[in-house]
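Structural features, examined
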Amino acid sequence: QVQLVESGGGLVQAGGSLSVSCAASGSILKLNAMAWYRQAPGKQRELVAGITDGGKTNYADSVKGRFTISRDNAKNTVYLQMNNLKLEDTAVYYCHAQTNVLGSVFNYWGQGTQVTVSS
């Protein structure tokens, strides 16, 4: 079993920056892809950014050029640096991690951290 704990959310003015992190713990053999998702009120959860264990990244078009995802494999931690935040970035941000054990894929989610962008 893997536990994901996010930290670093909060309130920031539009145009500002904020970073969130997610630390994995538990029975970790190897974390494969890790990602950040977000869910705004009344909307579906959407992928914000993902990163493979090799460091390859992908981003939602809405955050390209503003957000940066990174990971520290030694610490089993993934980070999301958010710059030039916009009102529409307000959401609960969830960490996601995937493991592969003997060919079986397991998905894990954090509890979420609130990011609020004010005008």
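The text that follows walks through the structure, step by step, so that each part is easy to find. (Residues numbered from 1 in each chain as written. Predicted model: local features only at pLDDT ≥ 70, side-chain atom pairs only at ≥ 80, totals over all residues. Heavy atoms only, no water.)

**Details of the packing of aromatic side chains**
With the rule as written, the count across this model stands at one aromatic pair. Ring geometry for Tyr37 against Trp109: centres 4.9 Å apart, planes inclined by 65°, an arrangement best described as edge-to-face. Separated by 72 residues along the polypeptide, Tyr37 in strand S4 (residues 31-39) and Trp109 in strand S10 (residues 104-109) bring together distant segments of the chain. In this structure, Arg45 packs its charged tip against the face of Tyr94, placed 3.7 Å from the ring centre. For the cation-ring pair, Arg45 lies above Trp109, with the distance from its terminal atom to the ring centre recorded as 4.7 Å. (Phe/Tyr/Trp six-rings, centres within 6.5 Å; stacked < 30°, edge-to-face > 60°. Helix = DSSP H or I, 4+ residues; strand = E, 2+ residues; numbered from the N terminus. Lys NZ or Arg CZ within 6 Å of the ring centre and 35° of its normal.)

**Regarding the pairing of strand S1 (residues 2-7)**
Across the two faces of S1 the burial differs, with Val2, Leu4 and Glu6 buried and Gln3, Val5 and Ser7 not buried at all. Direction of pairing for S1 relative to strand S3 (residues 18-26): antiparallel, over a ladder of six bridges. Across the sheet, Val2 pairs through a bridge with Gly26, a residue of S3. (Buried < 20%, exposed > 50% of the residue type's maximum accessible area, 1.4 Å probe, protein only. Pairing = 2+ DSSP bridges.)

**What to know about the pattern of salt bridges**
Following the criterion strictly, the structure yields five salt bridges and no others. Put simply, Asp53 and Lys30 hold a salt bridge, and the shortest N to O gap is 2.2 Å. Here Asp53, found in the loop between strand S5 (46-51) and strand S6 (57-59), pairs with Lys30, found in the loop between S3 and S4; they are 23 residues apart in sequence, far enough to count as distant. A salt bridge links Asp89 to Arg66; the shortest N-O distance between them is 2.8 Å. You can see Asp89 sitting in the loop between strand S8 (77-82) and strand S9 (91-101) and its partner Arg66 sitting in the loop between S6 and strand S7 (67-72), a full 23 residues away along the chain. Using a relative accessible area of 0% as the deciding quantity, one classes Asp89 as buried. Exposure remark for Arg66: the relative accessible area of 8% places this residue in the buried category. Counted as one network, the salt bridges with shared partners bring together Arg38, Glu46, Arg66 and Asp89. (Salt bridge = Lys/Arg side-chain N within 4 Å of Asp/Glu carboxyl O.)

**A closer look at the sheet that holds S3**
One open sheet holds the four strands; their spatial order is S1-S3-S8-S7, and the pairing between them is antiparallel. Sheet topology places S1 and S7 at the edges, where each strand pairs with a single neighbour. The mean inter-strand angle of the sheet, taken between neighbouring strand axes irrespective of direction, is 15°. Relative to S8, S3 runs antiparallel, the two being bridged by six bridges. By the bridge assignment, Leu18 is partnered in S8 with Met82. (Axes fitted to C-alpha atoms, helices over the stretch in contact; angles between N-to-C directions.)

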